[in-house]
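Coordinate analysis (summary)
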Amino acid sequence: MASAPRITVIGTGYLGATHAACMAELGYEVIGVDVDPDKVSDLQAGRVPFYEPGLEELIAPHIASGRLRFTTSAEEAAAFGDVHFICVGTPQRKGEFAADTSYLDQAVDALAPHLVRPCLVVGKSTVPVGTAARLAERLSARAPVGEAAELAWNPEFLREGHAINDTLRPDRLVVGVRSAAAEARLREVYAPLLDAGVPFLTTDFATSELVKVSANAFLSTKISFINAMAEVCEAAGADVTQLSEALSYDPRIGGLFLNAGLGFGGGCLPKDIRAFMARAGELGVDQALTFLREVDAINMRRRFKMVDLAREACGGGFLGRRVAVFGAAFKPESDDIRDSPALNVAAQVQLQGGEVTVYDPKATDNARKMYPGLAYADTAFDAARGAHVVLHLTEWREFRAIDPEELGEIVAARHIIDGRNALDAPRWRAAGWTFRALGRP
Ligand code: UDX
């Protein structure tokens, strides 16, 4: 039997570092590659430069055994690997909706000139449809082995905070391939997952690229749907949390991703729906996705609504008012602050004159870098001291554990607004708090 394929993972952010660790966990020899020498030395020392539950623990033994290592050298990776996964970012372009795919080009350009034997290069990044076909040409044109350096597309669906589980136990594997050999190679790499019953779908490049962006478009739509219902509930005096629960029993609807609140943020959903709209425009089918504009708009309106509720709680204006913000990460179990609804609200309140203090269990360092003008506290209680209103904007478990009586002792006024519909309203009201929430009376 041929020996197991050797794996490289190019780009060691949230996606790549997790993928590299999980490939090692499946038993492969793995090299992770990044252009950032600091990231590489951190990872090589077993330090994960971002917060992902369980990842440091997963990486440590594989670094120690030498099965997993990290380098900045694409040449070393090319010489080593049989299968190269590309996991670089595709951020939103400045001032535009479209995705910036230049990191993918750079990854291919760094690797390709060193590819002197047959191999498979597998894109995992979220991309505008058509990118894989373009990269396939770029790859074979630049690789000394030509078309024997084959491309495949294998979109990643992992969620931050659940990255390891989502990688080792995905709902499905989707691969876009142009040859039976590429499919066979990927089946081989993922054999342990296939043996565990994970569905494996083989398709063309374009469909595989679209599966990812349409999944994210659907999820965003589901969130904005329930947030649109929240707007109606607010006007009608109804309760969106009960509405959502009642809807969830219909198996055609389902309860997941039906939590009304401050809406979606992060490095994926917001930029992916915008890039999807931009790509549809290029393809001449922009009308097919105009509804995503509304999805985006509903999502952003929740942030303004939150600021309005906070202003009301402060008596109509923020001047001279202290506002405590609980949460900075775009969601719990993550230190990622990209497009964080919580920080967006905090910044708006500050801009309108509020004295804002933010507390987050994991994301403070990142938040401080991007929003140096906000004040930060080391504990929720420190953030809340003297506050006229507390805004609960990221639903970390520790916020649910706070005793409203105890917190009530140190604030200037017992006003709390739950932006995530995650706190126990009766408990806060019983402790004398004015409790308001998005989408509820
Ligand atoms: C998302 C997709 O879920 C994942 O499949 C894809 O690979 C990358 O993008 P992620 O960005 O890690 O993952 O976070 P996710 O858990 O999907 O949450 C996205 C945002 O939606 C968060 O801001 C979250 O707070 C918000 N959200 C989620 C809601 O507002 N309501 C919900 O019911 C669910």
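Residues numbered from 1 in each chain as written. Predicted model: local features only at pLDDT ≥ 70, side-chain atom pairs only at ≥ 80, totals over all residues.

Some remarks on the overall build of the chain
The condition that has to hold: In this text, helices come from DSSP runs of H or I with a minimum length of four residues, and strands from runs of E with a minimum of two, each type numbered from the N-terminal end. Burial in this document is a count-based property: other C-beta atoms within 10 Å of a residue's C-beta are tallied, and the residue is buried at 20 or more, exposed at 12 or fewer, or partly exposed in between, with C-beta positions derived from the backbone. In this description, any two residues whose backbone-derived C-beta atoms lie within 7 Å of each other are considered to be in contact.
Regarding its fold elements, the chain presents 19 helices and 14 strands. Its C-alpha atoms give the chain principal-axis dimensions of roughly 70 × 50 × 40 Å. Per-residue burial over the chain gives 50% buried out of 441 residues. Taking contacts inside the chain between residues at least 6 apart in sequence as the whole, the part at least 24 apart equals 70%.

Some thoughts on unusual backbone geometry
The residue phenylalanine 257 is not glycine, and still its phi comes out positive at about 60 degrees. Structurally, phenylalanine 257 can be placed in the loop between helix H11 (240-248) and helix H12 (269-282). One non-glycine residue, glutamate 333, lies in the positive phi region at around 65 degrees. Structurally, the position occupied by glutamate 333 is in the loop between strand S9 (322-326) and helix H14 (341-351). Glutamate 333 sits in the buried class, given 20 other C-beta atoms within 10 Å.

A few points about the site of the ligand
Condition: As a rule, any residue with its backbone-derived C-beta atom within 6 Å of a molecule or strand is reported as near that molecule or strand. Amino acids outside the nonpolar list (Ala, Val, Leu, Ile, Met, Phe, Trp, Tyr, Cys, Pro) and the charged list (Asp, Glu, Lys, Arg) are all regarded as polar, and Gly is one of them. Domain delimitation in this document rests on an assignment produced automatically or drawn from a domain database.
The local shell around the ligand holds 20 residues, among which Glu160, Asn259, Phe264, Gly266 and Cys268 are the closest. Considering each element in turn, the shell around the ligand owes the most residues, three residues, to helix H10 (residues 205-236). Among the residues forming the shell around the ligand, the class breakdown is 10 nonpolar, six polar and four charged. Looking at the shell around the ligand, you find at least three residues from each of domain 1 (7-203) and domain 2 (213-296).

Some words on the domain arrangement of the chain
By domain assignment, the chain separates into domain 1 (7-203), domain 2 (213-296) and domain 3 (302-437). Placing the centre of domain 1 and that of domain 3 at their C-alpha centroids yields a distance of 38 Å. The interface is formed by five residues belonging to domain 1 together with seven residues belonging to domain 3. Across the side of domain 1 that touches domain 3, the residue classes break down as three nonpolar, one polar and one charged.

Overview of the nonpolar core
As a reminder, the rule being used: To form a nonpolar core, buried Ala, Val, Leu, Ile, Met, Phe, Trp, Tyr and Cys residues must be joined through C-beta atoms within 7 Å.
The biggest cluster of nonpolar side chains holds 133 residues, and the ones touching the most others in it are Ile10, Ala310, Val323, Val325, Phe326 and Leu391. If one sorts the elements of this core by residue count, H10 sits on top with nine residues.

As for the pairing of strand S7 (residues 173-176)
On a regular strand, one side chain projects to one face of the sheet and the next to the other, so that they alternate. Rules: If DSSP finds at least two bridges between two strands, the strands pair.
Where burial is concerned, the two faces of S7 agree: the one with Leu173 and Val175 and the one with Val174 and Gly176 are both buried. As judged from the four bridges shared by S7 and strand S8 (residues 200-203), these two strands associate in the parallel manner. Of the residues in S8, the one forming a bridge with glycine 176 is threonine 203.

A look at the environment of tryptophan 428
Tracing the sequence through the fold places tryptophan 428 in helix H19 (residues 425-430). On the basis of neighbour count, tryptophan 428 is assigned to the buried category, with 23 C-beta atoms found within 10 Å. Distance from tryptophan 428 to proline 404, taken between C-alpha atoms, is 5.7 Å for residues 24 residues apart in sequence. Here tryptophan 428 is in contact with Pro404, Ile416, Leu423, Trp433 and Phe435, once residues within four sequence places are set aside.

Regarding the environment of leucine 269
Tracing the sequence through the fold places leucine 269 in helix H12. Judged by the 22 C-beta atoms lying within 10 Å of it, leucine 269 is buried. It is 7.3 Å that separates the C-alpha atoms of leucine 269 and alanine 217, two residues lying 52 residues apart in sequence. Ignoring anything within four residues of it in the chain, the contact list for leucine 269 reads Asn216, Leu219, Ser220 and Phe264.

Brief notes about the packing of H10 against H11
This is how it is decided: Fitted lines through C-alpha atoms give the axes, limited to the stretch in contact for helices. The angle between two N-to-C directions lies from 0 to 180 degrees. Angles are sorted into four bins: roughly parallel if under 35 degrees, roughly antiparallel if over 145, roughly perpendicular if 65 to 115, and oblique for all others. In this scheme the crossing of two helices becomes right-handed for a clockwise turn of the near helix relative to the far one and left-handed for an anticlockwise turn of less than a right angle.
Two numbers describe how H10 lies on H11: the axes approach to 9 Å, and their chain directions differ by 135 degrees. As judged from the angle between their axes, H10 and H11 are oblique. Remark: the crossing between H10 and H11 carries right-handed chirality. When H10 is examined against H11, the residues Ile226, Met229, Ala230 and Cys233 are found in contact with a partner set consisting of Val240, Leu243 and Ser244. Looking at the contact of H10 with H11 residue by residue, the class counts come to six nonpolar, one polar and no charged.

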